[in-house]
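Report on the structure
Here is what each chain is made of, one letter per residue.
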Amino acid sequence: MAPVLEGLCKYESLKDGTLDLADIALLNDALSVQADNKAEAHRRYMAEKND
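Within each chain, residue numbers correspond to sequence positions counted from 1 in written order. Side-chain atom pairs in this predicted model are given and counted only at pLDDT of 80 or more, local residue features only at pLDDT of at least 70, and totals for whole chains, interfaces and linings cover all residues. Side-chain numbers here rest on the full set of heavy atoms in the structure, without hydrogens or water.

Observations concerning the overall build of the chain
- Counting from the N terminus, the helices are DSSP H or I runs at least four residues long and the strands are E runs at least two residues long. Each helix and strand in the chain was counted, giving three helices and zero strands.
- Going residue by residue from the N terminus, the α and β elements of the chain occur as α-α-α.
- As defined in this context, the radius of gyration uses C-alpha atoms, and a globule is described by 2.2 Å times the residue total to the power 0.38. Its C-alpha atoms give the chain a radius of gyration of 16 Å, more than 25% over the compact-globule value 10 Å for 51 residues.
- Once the C-alpha set of the chain is aligned to its principal axes, its extents read approximately 55 × 15 × 10 Å.
- Between buried and exposed lies partly exposed: a residue is buried under 20% and exposed over 50% of the maximum accessible area for its type, with that area taken using a 1.4 Å probe on protein chains only. When the 51 residues of the chain are sorted by exposure, 12% land in the buried category.
- For the chain, the accessible surface area stands at approximately 4,300 Å², while carbon and sulfur atoms represent 55% of it.
- When charges are counted, Lys and Arg are positive and Asp and Glu negative, with His and the chain ends excluded. Taken as the charge location is NZ of Lys, CZ of Arg, CG of Asp or CD of Glu. Here the chain holds 6 positive side-chain charges and 10 negative ones, and the gap between their average locations is 6 Å. For the accessible areas, the method is Shrake-Rupley and the probe is 1.4 Å, while residue cover comes only from the protein chains on display.

Put into structure tokens, the structure is as follows:
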């Protein structure tokens, strides 16, 4: 559901088969990488701020 909640696709596309499991896996991976990158950027910012 993360891709739907993030506005990357519509729920109907999941239900009607427009998107398959490979599409959803790719979208989930992209969201995971994005979250990891944001977290790392925040950690680095905080580390530099505290030096």
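Observations regarding the pattern of salt bridges
- Whenever Lys or Arg places a side-chain nitrogen within 4 Å of a carboxyl oxygen from Asp or Glu, that contact is recorded as a salt bridge. Considering all chains together, one arrives at two salt bridges under this definition.
- Between Arg43 and Glu40 there is a salt bridge, and its shortest N-O distance comes to 3.1 Å. With Arg43 and Glu40 both in helix H3 (residues 21-49) and three residues apart, this pair spans about one turn of that helix.
- The salt bridge involving Glu40 is made with Arg44; its shortest N-O contact spans 2.8 Å. With Glu40 and Arg44 both in helix H3 and four residues apart, the pair spans about one turn of that helix.
- Residue classification places Glu40 among the partly exposed residues on the basis of a relative accessible area of 31%.
- Overlapping salt bridges bring together Glu40, Arg43 and Arg44 as one network.

Let's talk about the side chain of Ser13
- Inspection of the secondary structure assignment puts Ser13 in helix H2 (residues 11-15).
- Residue contacts follow a heavy-atom distance rule, with two residues in contact if any of their heavy atoms lie within 4.5 Å. In this view, Ser13 contacts Thr18 and Leu19; residues no more than four positions away in its chain are not counted.

As for a nonpolar patch on the surface
- Note that patches include only residues with greater than 30% relative accessible area and no salt bridge, and the join distances are 9 Å for like charges and 5 Å for nonpolar side chains (Val, Leu, Ile, Met, Phe, Trp, Tyr). On the surface, a nonpolar cluster with roughly 370 Å² of combined accessible area is contributed by Met1, Leu5 and Tyr11.
- Within the fold, Leu5 resides in helix H1 (residues 2-5).

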